[in-house]
Amino acid sequence: DNLEYGTSAGQPVKFNSGNPAGTIFVDASRNIIKGIDVGTKEFGVSDGTTPQIINCVGGDYSFGGVPFGSTALSIAGTYINCQGGDFSFAGNGEANGVFINCQGGQESFGYDFASGYFENCVGGDYSFAFAGILDGVFRNCLGGEGSFGTLGLIGGVELYGCRGGDLSFGNSAIILTPSLF
């Protein structure tokens, strides 16, 4: 069954509750999607799209996360007050957008690459470009163990009031030109 759930650009957002996933998948840019909660199911976002997603909730792999061994996604757009589970917000991929007041589980916010603008975001262990490139602006973000460019490359990044667990902030990374505030 196709169900209307929330709105996008003034039009109803539909998803098929009869399919095994029973969730939503955003595959177009210039959408504004507000207030959709798919519980523990994946809130899907297509590679390279630039939606505005506000006050939405999904489970593991939401908002562009993919399992290891899958093709990594590049997630842009704007995400405000969203919550995802493990590997969310381009987990195992590239987080390149604007993320404000968002929360993800372990390995969230661009495991391979985190660029763009992040404010008041919370990620679990190995979040915020754990094994990749950390670049962009981060304000008051919190990561678990091994977060913020631990094994990758840190360049051109601005960190303001961010906190991370053990082995965070370039513990084993190549550090180019960070600005720590």
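Before reading on, note that the structure itself is shown above.
What counts as what
Residues numbered from 1 in each chain as written. Predicted model: local features only at pLDDT ≥ 70, side-chain atom pairs only at ≥ 80, totals over all residues. Heavy atoms only, no water. Disulfide = S-S within 2.5 Å. Buried < 20%, exposed > 50% of the residue type's maximum accessible area, 1.4 Å probe, protein only. Pairing = 2+ DSSP bridges. Helix = DSSP H or I, 4+ residues; strand = E, 2+ residues; numbered from the N terminus. Phe/Tyr/Trp six-rings, centres within 6.5 Å; stacked < 30°, edge-to-face > 60°.

(A) Representation of the state of the cysteines. In total, this model carries zero disulfides according to the counting rule given. Left unpaired, Cys56 is separated from the closest cysteine sulfur, that of Cys82, by 5.0 Å. Overall, Cys56 belongs to the buried group, its relative accessible area being 0%. The thiol of Cys102 is unpaired, and the distance to the nearest cysteine sulfur, on Cys82, comes to 4.8 Å.

(B) The pairing of strand S13 (residues 133-139), seen in detail. By the bridge criterion, two bridges tie strand S11 (residues 113-114) to S13 in an arrangement that is parallel. Of the residues in S13, the one forming a bridge with Phe113 is Ile133. Direction of pairing for strand S12 (residues 117-119) relative to S13: parallel, over a ladder of three bridges. By the bridge assignment for S13, Glu119 is matched with Arg139. Two elements, S13 and strand S15 (residues 153-160), share six bridges in a ladder whose sense is parallel. Directly across from Val137, in S15, lies its bridge partner Glu158.

(C) Layout of the environment of Lys41. Along the chain, the position of Lys41 falls in the loop between strand S4 (32-34) and strand S5 (44-45). For Lys41, a relative accessible area of 37% translates into the label partly exposed. Placed 43 residues apart in sequence, Lys41 and Gly84 show a C-alpha to C-alpha distance of 9.5 Å.

(D) Spatial organisation of unusual backbone geometry. Of note in the backbone geometry, Asn120 takes a positive phi value of approximately 55° without being a glycine. Relative accessible area serves as the criterion here: at 32%, Asn120 is assigned to the partly exposed category. Of note, Phe128 is a non-glycine position whose phi angle comes to about 55°, a positive value. Along the chain, Phe128 falls in the loop between S12 and S13. Judged by relative accessible area, which is 0%, Phe128 ranks as buried.

(E) Representation of the packing of aromatic side chains in the model. Scanning the entire structure with this criterion turns up 20 aromatic pairs. When the ring of Phe99 is compared with that of Phe118, the centres are 4.9 Å apart and the planes differ by 10°; the resulting orientation is stacked. Of this pair, Phe99 sits in strand S10 (residues 98-100) while Phe118 sits in strand S12, placing them 19 residues apart in sequence. Owing to a relative accessible area of 0%, Phe99 belongs among the buried residues under this scheme. Aromatic pair Tyr111 and Phe130: ring centres 5.5 Å apart, planes at 45°, arrangement tilted.

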